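Here is how the chains run, residue by residue.
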Amino acid sequence: MRSFQRKLSEFDARGVRVVAISVDSVDTNQQHSQRMGFAFSVLSDADAAVIRRYDLLHRGAGPKGIDIARPAEFLIDSHGIIRWVNLTDNIAVRARPEQALQAFDERHGD
């Protein structure tokens, strides 16, 4: 998420809003966001409702066997239509912000 923060101005320039969703509590997400200096929203999905809806729950894959979200990045348009997705089962592998920006540009002819 730090890499997305570093490129936030490039997302802003394209009118793209960066939002993260985590199974962590609101308090945990707020503390983490403040500590990391994130200027984008980090939403709490403690009951994993949204994470389940997008089929991203990775059961037992977290510390001490807790459920976590699979790493994923989405471009969702203003109508709620998914325009691009990057999924992985490896929590260490994430899309780079450049990949998301390129996917956006390819879909918008920029």
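Let me begin by describing the structure that accompanies this report. Since this is a predicted model, take the numbers as computed values, not measurements.

Things to note about the overall build of the protein chain
Next up, step 1: When helices and strands are counted, the protein chain shows five helices and six strands.
Next up, step 2: Secondary structure of the protein chain in N-to-C order comes out as α-α-β-α-β-α-β-β-β-β-α.
Next up, step 3: For 110 residues, the compact-globule estimate of 2.2 N^0.38 gives 13 Å, and the protein chain sits close to it at 14 Å.
Next up, step 4: Dimensions of the protein chain along its principal axes, counting C-alpha atoms only, are 45 × 30 × 25 Å.
Next up, step 5: By the burial criterion, 33% of the 110 residues in the protein chain qualify as buried.
Next up, step 6: Partitioning the intrachain contacts of the protein chain with sequence separation of at least 6 by distance along the chain shows that 35% fall at a separation of at least 24.
Next up, step 7: Surface summary for the protein chain: the accessible area is close to 7,400 Å², and the carbon and sulfur share equals 48%.
Next up, step 8: Each charge class in the protein chain was averaged separately, 15 positive and 15 negative side chains, and the resulting centres sit 4 Å apart.

Focus on the environment of Gln5
Next up, step 1: Structurally, the position occupied by Gln5 is in helix 1 (residues 2-6).
Next up, step 2: Setting aside anything within four residues of it in sequence, one finds Gln5 in contact with Gly37, Phe38, Ala39 and Phe40.

Quick look at the packing of aromatic side chains
Next up, step 1: This structure, assessed with the given rule, holds three aromatic pairs.
Next up, step 2: On the numbers, 4.9 Å between centres and 20° between planes, the contact of Phe38 with Phe40 is stacked.
Next up, step 3: Given the relative accessible area of 8%, Phe40 is considered buried.

Comments concerning the pairing of strand 5 (residues 72-76)
Next up, step 1: Burial along strand 5 is one-sided: Glu73 and Leu75 are buried, and none of Ala72, Phe74 and Ile76, which face the opposite way, are.
Next up, step 2: Pairing of strand 5 with strand 6 (residues 82-87) involves five bridges; the strand directions are antiparallel. In the strand pairing of strand 6, Phe74 is matched with Val85.
Next up, step 3: In this antiparallel pair of consecutive strands, strand 5 and strand 6, the connection spans five residues, and Gly80 shows a positive phi of 85°.

The rules we used
- Residues numbered from 1 in each chain as written.
- Predicted model: local features only at pLDDT ≥ 70, side-chain atom pairs only at ≥ 80, totals over all residues.
- Heavy atoms only, no water.
- Helix = DSSP H or I, 4+ residues; strand = E, 2+ residues; numbered from the N terminus.
- Rg over C-alpha atoms; globule rule 2.2 N^0.38 Å.
- Buried < 20%, exposed > 50% of the residue type's maximum accessible area, 1.4 Å probe, protein only.
- Contact = heavy atoms within 4.5 Å.
- Areas by Shrake-Rupley, 256 points an atom, 1.4 Å probe, with all protein chains shown as cover.
- Lys, Arg positive; Asp, Glu negative; His and termini not counted.
- Charge placed at Lys NZ, Arg CZ, Asp CG, Glu CD.
- Phe/Tyr/Trp six-rings, centres within 6.5 Å; stacked < 30°, edge-to-face > 60°.
- Pairing = 2+ DSSP bridges.

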